[in-house]
There are 4 protein chains.
Amino acid sequence: MIIAGPCSIDKHFIPTCLKVAELGATHLRAGLFKPRSGASRWAGMGNEGERSLELGLEMMKEVKARTGLKIVAEALSEEQIEILYDYVDVFQIGTRNQTASELLRAFGRQDKPIILKRGMATTLEEFIQYISYITYEGNNDVVLCERGIRTFETATRNTFDISAIPYLKQNTTCKVIGDPSHGTGVRDLVIPVSLACLAAGADGIMVEVHEQPDLALTDGPQSLYVEQFAELMKKVKAYGQIN
Amino acid sequence: MIIAGPCSIDKHFIPTCLKVAELGATHLRAGLFKPRSGASRWAGMGNEGERSLELGLEMMKEVKARTGLKIVAEALSEEQIEILYDYVDVFQIGTRNQTASELLRAFGRQDKPIILKRGMATTLEEFIQYISYITYEGNNDVVLCERGIRTFETATRNTFDISAIPYLKQNTTCKVIGDPSHGTGVRDLVIPVSLACLAAGADGIMVEVHEQPDLALTDGPQSLYVEQFAELMKKVKAYGQIN
Amino acid sequence: MIIAGPCSIDKHFIPTCLKVAELGATHLRAGLFKPRSGASRWAGMGNEGERSLELGLEMMKEVKARTGLKIVAEALSEEQIEILYDYVDVFQIGTRNQTASELLRAFGRQDKPIILKRGMATTLEEFIQYISYITYEGNNDVVLCERGIRTFETATRNTFDISAIPYLKQNTTCKVIGDPSHGTGVRDLVIPVSLACLAAGADGIMVEVHEQPDLALTDGPQSLYVEQFAELMKKVKAYGQIN
Amino acid sequence: MIIAGPCSIDKHFIPTCLKVAELGATHLRAGLFKPRSGASRWAGMGNEGERSLELGLEMMKEVKARTGLKIVAEALSEEQIEILYDYVDVFQIGTRNQTASELLRAFGRQDKPIILKRGMATTLEEFIQYISYITYEGNNDVVLCERGIRTFETATRNTFDISAIPYLKQNTTCKVIGDPSHGTGVRDLVIPVSLACLAAGADGIMVEVHEQPDLALTDGPQSLYVEQFAELMKKVKAYGQIN
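About the criteria used
Every chain is numbered independently, its residues counted from 1 as its sequence is written. As a convention, the first chain written is A and the first ligand written is 1, with the rest following in written order. For a predicted model such as this one, the threshold for reporting local features is a pLDDT of at least 70, and the threshold for listing and counting side-chain atom pairs is 80 or more; totals across whole chains, interfaces and linings nevertheless cover every residue. Side-chain descriptors were evaluated using all non-hydrogen atoms of the structure, hydrogens and water having been removed beforehand. Secondary structure counts use DSSP, requiring at least four H or I residues in a row for a helix and at least two E residues in a row for a strand, with both numbered from the N terminus. Each radius of gyration reported is based on C-alpha atoms, and the globular scaling rule is 2.2 Å times the count of residues to the power 0.38. The rule is simple: take the accessible area with a 1.4 Å probe, protein chains only, and divide by the maximum for that residue type; under 20% is buried, over 50% is exposed, in between is partly exposed. Note on areas: these come from Shrake-Rupley sampling with a 1.4 Å probe, and a residue is covered only by the protein chains present in the view. By the counting scheme adopted, Arg and Lys are positive, Glu and Asp are negative, and His together with the chain ends is not counted. A charge is said to be at NZ when it belongs to Lys, at CZ for Arg, at CG for Asp and at CD for Glu. The copies were overlaid with a least-squares fit restricted to C-alpha atoms from residues scoring a pLDDT of at least 70 in each copy. Note on contacts: a residue pair qualifies if any of its non-hydrogen atoms lie within 4.5 Å across the two residues. Here a strand pair is declared whenever DSSP counts at least two bridges between the two strands. Orienting the strands away from the viewer, one traces the path from the first strand over the helix to the second; a clockwise path indicates a right-handed crossover. Accessible surface is computed with a 1.4 Å probe, and the buried area is the amount of it that two parts give up when combined, taken over both parts together. Each reported salt bridge corresponds to a side-chain nitrogen of Lys or Arg within 4 Å of a carboxyl oxygen of Asp or Glu. Distance and chemistry together define a polar contact, namely a pair of N or O atoms within 3.5 Å, with one atom able to donate a hydrogen and the other to accept it when in protein, and with adjacent residues in sequence counting only for side-chain atoms on both sides. Axis geometry follows a simple rule: fit a line to the C-alpha atoms, using only the stretch in contact for helices, then measure angles between N-to-C directions, giving values from 0 to 180 degrees. For classification purposes, angles smaller than 35 degrees are called roughly parallel, those larger than 145 roughly antiparallel, those between 65 and 115 roughly perpendicular, and all remaining angles oblique. Note: crossing handedness is left-handed where the near helix turns anticlockwise from the far helix by less than a right angle, and right-handed where it turns clockwise. Nonpolar residues are Ala, Val, Leu, Ile, Met, Phe, Trp, Tyr, Cys and Pro. Charged residues are Asp, Glu, Lys and Arg, and all others, Gly as well, are polar. Any pair of Phe, Tyr and Trp rings, taking the six-membered ring for Trp, is counted once the centres come within 6.5 Å. Such a pair is stacked with planes under 30 degrees apart, edge-to-face with planes over 60 apart, and tilted for the rest.

Student: I keep staring at the overall build of chain A and nothing clicks. Help me out?
Tutor: For chain A, the helix and strand inventory stands at 9 helices and 8 strands. Rg of the C-alpha trace for chain A: 17 Å, near the compact-globule value of 18 Å for 243 residues, within the 12% margin. In terms of principal-axis extent, the alpha carbons of chain A reach across some 45 × 40 × 35 Å. A burial count over chain A gives 68% of its 243 residues as buried. Accessible surface for chain A amounts to roughly 8,400 Å². Of this, 47% is attributable to carbon and sulfur atoms. Distance between charge centroids for chain A: 3 Å, based on 26 positive and 31 negative side chains.

Student: Honestly, the relation of the copies chain D and chain C in this entry has me stumped. Any pointers?
Tutor: Each of the two copies of the chain can be brought onto the other by a rotation about an axis and a shift along it. Each copy of the sequence occupies a distinct position, and chain D is placed on chain C by a rotation of 180° and an axial shift of 0.0 Å, giving an RMSD of 0.0 Å. The superposition operator between the copies reduces to a two-fold rotation axis. Closest approach to the rotation axis within chain D is made by the C-alpha atom of D:Ala121, at a distance of 2.7 Å. Interface residue correspondence from chain D to chain C reaches 100%, placing this contact among same-surface, isologous pairings.

Student: Looking at this structure, I do not really get the pairing of strand S7 (residues 175–178) of chain C. What am I missing?
Tutor: Moving residue by residue along a regular strand, the side chains alternate between the two faces of the sheet. Residue and element names in this part refer to chain C. Of the strand pairs in this sheet, strand S6 (residues 142–146) and S7 are connected by 4 bridges, and their pairing is parallel. By the bridge assignment, Leu144 is partnered in S7 with Val176. Each parallel crossover has a hand, and for S6 linked through helix H6 (residues 164–171) to S7 it is right-handed.

Student: What exactly am I supposed to notice about the relation of the copies chain A and chain D here?
Tutor: Laying chain A over chain D is done by rotating through 180° and shifting 0.0 Å along the axis; what remains is an RMSD of 0.0 Å. Mapped onto chain D, 100% of the interface residues of chain A again fall at the interface, so both copies present the same surface.

Student: Sorry, what's going on with the side chain of C:Thr16 here?
Tutor: Relative to the helices and strands, C:Thr16 is located in helix H1 (residues 13–22). Beyond its immediate sequence surroundings of up to four residues, C:Thr16 is in contact with C:Pro6, C:Val209, C:His210 and C:Glu211.

Student: Explanation requested: the interface of chain A and chain D in the structure shown.
Tutor: Accessible area lost when the parts come together is the quantity often used to give the size of an interface. At the junction of the two partners, chain A supplies 34 residues and chain D supplies 34 residues. For the pairing of chain A and chain D, the buried interface totals around 2,600 Å² over both sides, and the portion due to carbon and sulfur atoms is 73%. Along the contact surface separating chain A from chain D lie 2 salt bridges. Here A:Glu153 and D:Arg118 are joined by a salt bridge, their closest N and O atoms 2.7 Å apart. Connecting chain A to chain D are 6 residue pairs in polar contact (both at pLDDT 80 or more).

Student: How should I be thinking about the sheet that holds strand S1 (residues 2–5) of chain A in this particular structure?
Tutor: Hydrogen bonding along the main chain pairs the strands of a sheet, whether they run parallel or antiparallel. All names here are of chain A. Within the closed barrel, the 8 strands sit side by side as S1-S2-S3-S4-S5-S6-S7-S8. Their pairing is parallel. Across the sheet, the mean angle separating the axes of adjacent strands is 25° when strand polarity is ignored. Contacting strand S4 (90–93) and strand S5 (114–117), helix H4 (residues 101–108) runs over the sheet at an angle of about 175° to S4. Across the face of the sheet, helix H6 (residues 164–171) comes into contact with strand S6 (142–146) and strand S7 (175–178) while running at roughly 170° to S7.

Student: Sorry, what's going on with the side chain of D:Ser132 here?
Tutor: Within the element layout of this structure, D:Ser132 appears in helix H5 (residues 124–135). Given the relative accessible area of 13%, D:Ser132 is considered buried. In terms of polar contacts, D:Ser132 uses its side chain to reach the backbone carbonyl oxygen of D:Gln129, at 2.6 Å. Contacts of D:Ser132, omitting those with residues within four sequence positions, involve C:Gly38, C:Ala39 and C:Ser40.

Student: I tried to follow helix H8 (residues 187–199) of chain C on my own but got confused; where do I start?
Tutor: Residues spaced three or four apart along an α-helix point in a common direction, a consequence of the helix completing one turn every 3.6 residues. Counting buried positions over the 13 residues of H8(C) gives 12, a clear majority of the element. When H8(C) is considered as a whole, its buried residues turn out to be C:Arg187, C:Leu189, C:Val190, C:Ile191, C:Pro192, C:Val193, C:Ser194, C:Leu195, C:Ala196, C:Cys197, C:Leu198 and C:Ala199.

Student: In this structure, what is going on with the interface of chain D and chain C? I would like to understand it.
Tutor: Each partner contributes residues to the interface: chain D has 27 residues there, and chain C has 27 residues. Between chain D and chain C lies a buried interface of about 2,300 Å² when both sides are counted; carbon and sulfur atoms form 44% of it. Among the residues chain D hides against chain C, the three largest losses belong to D:Ser37, D:Ala39 and D:Arg150. Together they make up 22% of the total. In this structure, the connection of chain D to chain C is made through 2 salt bridges. With a closest N to O distance of 2.7 Å, D:Arg150 and C:Glu126 form a salt bridge. Linking chain D to chain C there are 20 residue pairs in polar contact (both at pLDDT 80 or more). Those elements giving two or more residues to the side of chain D that touches chain C turn out to be helix H4 (101–108) and H5 of chain D. Tallying contributions element by element places H5(D) first for the side of chain D that touches chain C, with 5 residues.

Student: What exactly am I supposed to notice about the environment of D:Phe229 here?
Tutor: All names here are of chain D. Along the chain, Phe229 turns up in helix H9 (residues 226–241). Separated by 137 residues in the primary sequence, Phe229 and Gln92 place their C-alpha atoms 22 Å from one another. Setting aside chain neighbours within four positions, we find Phe229 in contact with Ile2, Ala4, Val20, Leu23, Ala25, Val207, Val209 and Leu224.

Student: Please clarify how the packing of helix H5 (residues 124–135) of chain B against helix H6 (residues 164–171) of chain B should be interpreted in this entry.
Tutor: Two packed helices can be described by the angle between their axes and the distance between those axes. Residue and element names in this part refer to chain B. Close contact between H5 and H6 brings their axes to 11 Å; oriented N to C, the two are set at 45°. The pairing of H5 with H6 is recorded here as oblique in orientation. Where H5 crosses over H6, the handedness of that crossing is right-handed. Contacts between H5 and H6 involve Leu124, Glu125, Phe127 and Ile128 on the former and, on the latter, Ala164, Tyr167, Leu168 and Asn171. Residues belonging to the contact of H5 with H6 are distributed by class as follows: 6 nonpolar, 1 polar and 1 charged.

Student: Please clarify how the pattern of salt bridges should be interpreted in this entry.
Tutor: Side-chain pairing between opposite charges can occur once the charged atoms of the two side chains come close. Under the criterion given, the structure shown has 60 salt bridges over all chains. Through salt bridges with shared partners, one network takes in A:Arg118, A:Glu146, A:Asp161 and D:Glu153.

Student: Looking at this model, I keep getting lost on the packing of aromatic side chains. Mind explaining?
Tutor: The geometry of an aromatic ring pair comes down to the distance between the two centres and the angle between the two planes. Counted under the stated rule, the structure contains 14 aromatic pairs over all chains. Here B:Tyr85 and B:Phe91 contribute two aromatic rings whose centre-to-centre distance is 6.5 Å and whose plane-to-plane angle is 35°, an arrangement assigned as tilted. Judged by its relative accessible area of 0%, B:Phe91 is buried. Between the aromatic rings of C:Phe91 and C:Phe107, the centroid separation amounts to 5.8 Å while the plane-to-plane angle is 70°, which identifies the pairing as edge-to-face. In this pair, C:Phe91 is assigned in strand S4 (residues 90–93) and C:Phe107 in helix H4 (residues 101–108), connecting sequence segments 16 residues apart.

As structure tokens, then:
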């Protein structure tokens, strides 16, 4: 499970996706609605008005048709779940909504897989308990995603809790993936931490890739260049052969 | 602004409220819907079925009529906002939903004051930015509440960030209150930390009080006995005289 | 117990000390040896060579003679304990050395009071256990100092754990003081957090004051102006009258 | 660089060391002096009196002679450095002493390699700066060890900061190793996190192994069984072949 693509949908979305698809990605990230820490910040094409929203959805449809890959997208409300429903294969619950229990229930009523990202201050015990908000509603297809927690360390955007990978594998029946892009926030740390995830037993990784990271509207500094993603995939394949 | 009462509505709700009202509380806590870290846990009378929900609402109505005090209650979804609307004077956004931006927007569309509790991993800078999700929708009556953050310390349930009180006062125009019950999680620390809040410039405090804490369905260990609340109020009044 | 003065001894040391003495300080801070996070940083007059060391010691002697106040100074090694012995009334163990158990034993062999500052990642339970390294050697005069812990919050230099004050008072027989200068790292937060310490039951506070904070060689941004210290002392006295 | 052995020297020390040596360890852990969080706890054979100390040193000598491997041991004071000097090949500075700058200088005056373990609350930037206390004294042979930091997570003893491995490799010229035993505190997480370290670019790992972990006087729950160490070494070797 290699989920890759730009952080948010912009005009580089389709070309970047075509490249990562060619290099071996299995799923594509499609950031139509972006969670931000303030209402005045750009929050994705989905929040730019009707026309941008339509355009974003069309781009998702096109890229899915051209690559045949599955589309992963985050929804922040029931309304967004409905808008996205016909265009996505996997829903993502972002870290900022992981403890929003009533929203989790809404995802539990969907018939598509859910990637549940760990909250920034959620203990592993709690994380496991929160799964029940989804499963109690009938949806048992939950993938857990470690994406770093908040600590005193400032060299990285978050502290990637590598122990979470084997802990969640040992204590749940869910698939477990890692997101080293958010987990480190630093492009040059993404490859080594991605490999660490796989070595620790992860079922996959989610990484941000952009054909021109400097032009990305969100998360540029942590997005891999396409060449770096190629290098990562090469190493991932080598690693796969010893397992 | 002294917000007091049991953590969740139970059969001790009315008698406890009558007592804290007599002792000088200005607002009453009414926990009809409780956020919990797992779907299997008791989540308040509001989640026990139609009849319990109705009964809880009636109790809120009665206690308001008998004390004349304002009612503060948490809602975890737009649906719960609607249910509570006619019964509450002030809405509360809980710590687990503080970063759920779309839910914040829904509160921004209400015409009642909002208490926004700080998320467990939210920096003060971010906390200030999140206010905009409410104010951009037209509701400018936001009260900020420091309730402790997640740290390595285990002697207390959270680490109460006392600096948040003056920092938020200096950097926003909002009223700022403290919640030492959740901020410490330890009954015997609630009085000293409440007084510290006021000394640091807080506009009020929110404390859990229960006539029989050992029987409380939630947060018993951090709930004050009524006599302790009486002692706290006495000290609060003495403190008020020097300011 | 109001311990005040510049962070480190420099040419403003004596005039600043005379002023804080006049305003009601009970102890003077004398930073001859400064712990720094790298060997290339200025580490106090005590580390500038024989002549500076002598000069610093003379300044400590003079200021003690002129004010009659007690001198508090940090030592980072047994050698520094010996150098300082005749000039100080109270030894301080800094936060960076709080878990250096063999050094604590050396302080335990002294016959002067010890201020033990909490380590940045030390739980309250552990903090209490570390006292034994001092007391087992025979020195029972230990004052505990909360000075903030490391958390994800960046608006303040550390997160001042206000709950530590009542917790340590309730669980030890030691005096407990707070250091809001290091606990916040922000000048404008020092007064409110100092008052919070006293309201929470602290036996005293330790604050950095400098007659010209902009010229301070260390900790300028968190040092109070003399006028601010005057304001603080006025409030401290008003507060004292209600207790 | 595979450093293995019991946490502290006890009667299982020699047999355990012989086994890990046979399985491919390159260095042996020899815990003669143990840092503990209180003076009343057992602190290693080195602190049990003259005779135990002598016996412990003899065991170190014997195991070195029989295996030909290098001995790694922690010293907590200058005095302990002297006692250990003739018996060890590599000194270790423990996490609790990492910020004890004057002690670091003492290690800087030794002519043997130093393993510097990261403090529980030390940022990576600070960690790099602290190296200078050793190198300024003339000792440039410093190995950095990530061993987990203090966070809110309680499922693990510490949070192993996997990003530290590539960050320190990219920003220093030192060798970098990981200690998953302390980094997780949970036996069953040690193997996956060890492999993650190597995948992330570590130059080695340090792991606790005990022939009967239930009988270990310290750190039993995080010590690998000998069979687990055998399994780890098998995987380490497989991993080595793809690099």
